[in-house]
Amino acid sequence: MKSVLDNVLFARAYFLFGLFVYMLGGFYLDSLNLNPIYDPILEKIPIVDVGTISTYGLILMYGIAFIYLKPLLGGKKEAELWIILSSSFIVRTLFCLVTAFGVPLGFIPIEEKGLYFLLKKAGLVFQNDLFFSGHTAAPFGFFLFFEDKIAKIIFLIGTAAMGISVLLLHHHYVVDVLAAPVFIWAVYSFFHYRFFKQ
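One structure accompanies this document, and this report is about it. Keep in mind that this is a model prediction, so the values were computed, not measured.

A count of helical and extended segments in the protein gives 9 helices and 0 strands. Secondary structure elements in the protein, listed N-terminal to C-terminal, are α-α-α-α-α-α-α-α-α. Of all 198 residues assigned to the protein, the portion counted as buried reaches 48%. Sequence separation of 24 or more characterises 89% of the internal contacts of the protein that already satisfy a separation of 6 or more.

Below you can see the structure in the form of C-alpha cells.
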C-alpha cells in the first residue's frame, strides 16, 4: 500500500478522483433547499463584504502552495500532497453531505464576475458545502505540509484570514471554521505518519 501511495502518477489520479467526488457532492448539495442552523456566536459577528479577500485570498494560498511545491515535483512529497489533498476533499464532502446545513441567514452572496464566475462555472465553487470550511482547511493543510518556516507563517496567517473572512461574510458557521483545522490535522496525520514519514 505504501509503495502505491508513493507513486506520483497514482497520487495525481487519486487527486482528480477526490476533486470529482467534491464536485459531485457540491452540485448535489446546491440542488437542495437546506435550512440554516442557529449560531449564537455568528449572530454577534457583523456582516462585512470581504468577498474579494475571501475569493482571491484562497486562490493566493493555492498559488503560494504551488510555488513551494514546484521543487518537490516528481518526488515522494508531491505524491504525499496529492494524497492528503484528495483525501481532505473526500472527507469534507462526506461531512458536508451528512451535516447538510443551509447557509446562514443574511449571508453576502459573492458577485459572480471575474475569476469567481469562472471557478463557479467550472464546478469548483459551491454554496452549501459548509461543514467544515474549505477556506480554513486548505491553508491549514499547507501549514502542516510544508516544512519551510516562512511558508508556515504565511499559511498560518492565511488560515486565520480565511476563517475570519468567511465568518464576516456569514458564509460559514463558527463550528465550520473551528472544526476545519481539527479534521485536516487528522487527515494529514493519518497519511503522513502512517505512509510517508521517513
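On to helix H9 (residues 174-196). What sets the pattern is the α-helix's 3.6 residues per turn: residues three or four places apart point alike. Helix length check: H9 (23 residues) gives 32 Å between terminal C-alpha atoms against 33 Å at 1.5 Å per residue, within 8%. Maximal helix bending in H9 amounts to about 30°, located at Ala 180; proline Pro 181 follows within four positions.

Another point: the side chain of His 170. Within the fold, His 170 resides in the loop between helix H8 (149-168) and H9. Polar contacts involving the side chain of His 170 include one to the main-chain carbonyl oxygen of Leu 42, which spans 3.5 Å. A polar contact of 2.8 Å, which involves the side chain of His 170, links it to the backbone oxygen of Ile 45. Look past the residues within four positions of His 170 in its chain and what remains in contact with it is Leu 42, Ile 45, Pro 46, Ile 47, Pro 104, Leu 105 and Phe 107.

Moving on: the pattern of salt bridges. With the rule as written, the count across this model stands at 3 salt bridges. Salt-bridge contacts for Arg 12 lead to Glu 78; the nearest nitrogen and oxygen are separated by 2.7 Å. Pair noted here: Arg 12 is in helix H2 (residues 8-30) and Glu 78 is in helix H5 (residues 76-99), with a separation of 66 residues, a long-range link. With a relative accessible area of 1%, Glu 78 lands in the buried category.

Once that is clear, we can look at unusual backbone geometry. Residues Phe 131 and Phe 132 are joined by a peptide bond in cis, for which omega reads 10°. By the element assignment, Phe 132 lies in the loop between helix H6 (114-121) and helix H7 (134-145). One non-glycine residue with positive phi stands out, namely Ala 100, at about 45°. Structurally, Ala 100 is set in the loop between H5 and H6.

This part takes up the side chain of Arg 92. Take Arg 92: it is sitting in helix H5. Here Arg 92 is in contact with Tyr 22, Asp 129, Phe 131, Phe 132, Ser 133, Gly 134 and His 172, once residues within four sequence places are set aside.

Our next topic: the nonpolar core. Within soluble globular proteins, side chains that are nonpolar generally end up buried alongside one another. Phe 142, Phe 146 and Phe 155 are the most contacted members of the largest nonpolar core, which totals 48 residues. When neighbours within four sequence positions are excluded, Phe 142 is seen to be in contact with Met 61, Tyr 62, Ala 65, Leu 81, Leu 85 and Phe 155.

Helix length check: H2, at 23 residues, gives a terminal C-alpha distance of 33 Å against a target of 33 Å (1.5 Å per residue), a fit within 8%. The N-capping residue of H2, defined by a side-chain oxygen 3.0 Å from the backbone nitrogen of Leu 9, is Asn 7.

Turning our attention to the environment of Arg 12. By relative accessible area, Arg 12 is classed as partly exposed at 37%. Between the C-alpha atom of Arg 12 and that of Trp 82, which follows or precedes it by 70 residues, the distance is 6.0 Å. Ignoring sequence-local partners within four residues, the contact set of Arg 12 consists of Gly 74, Glu 78 and Trp 82.

One can describe the packing of H7 onto H8 by two numbers: an axis separation of 8 Å at closest approach and a directional angle of 170°. Taken together, the axes of H7 and H8 are roughly antiparallel relative to one another. Across the interface between the two elements, His 135, Thr 136, Pro 139, Phe 140, Phe 142, Phe 143 and Leu 144 from H7 touch Lys 152, Phe 155, Leu 156, Gly 158, Thr 159, Met 162, Gly 163 and Val 166 from H8. The class makeup of the residues in the contact of H7 with H8 is 9 nonpolar, 5 polar and 1 charged.

Definitions and cut-offs
Residues numbered from 1 in each chain as written. Predicted model: local features only at pLDDT ≥ 70, side-chain atom pairs only at ≥ 80, totals over all residues. Heavy atoms only, no water. Helix = DSSP H or I, 4+ residues; strand = E, 2+ residues; numbered from the N terminus. Buried < 20%, exposed > 50% of the residue type's maximum accessible area, 1.4 Å probe, protein only. Contact = heavy atoms within 4.5 Å. Expected span 1.5 Å × (residues − 1). Bend = angle between axes of the 7 residues up to and from the residue. Polar contact = N/O pair within 3.5 Å; in protein donor to acceptor, adjacent residues only side chain to side chain. Salt bridge = Lys/Arg side-chain N within 4 Å of Asp/Glu carboxyl O. Core = buried A, V, L, I, M, F, W, Y, C linked by side-chain atoms within 4.5 Å. Axes fitted to C-alpha atoms, helices over the stretch in contact; angles between N-to-C directions. Parallel < 35°, antiparallel > 145°, perpendicular 65-115°, else oblique. Nonpolar A, V, L, I, M, F, W, Y, C, P; charged D, E, K, R; others polar.

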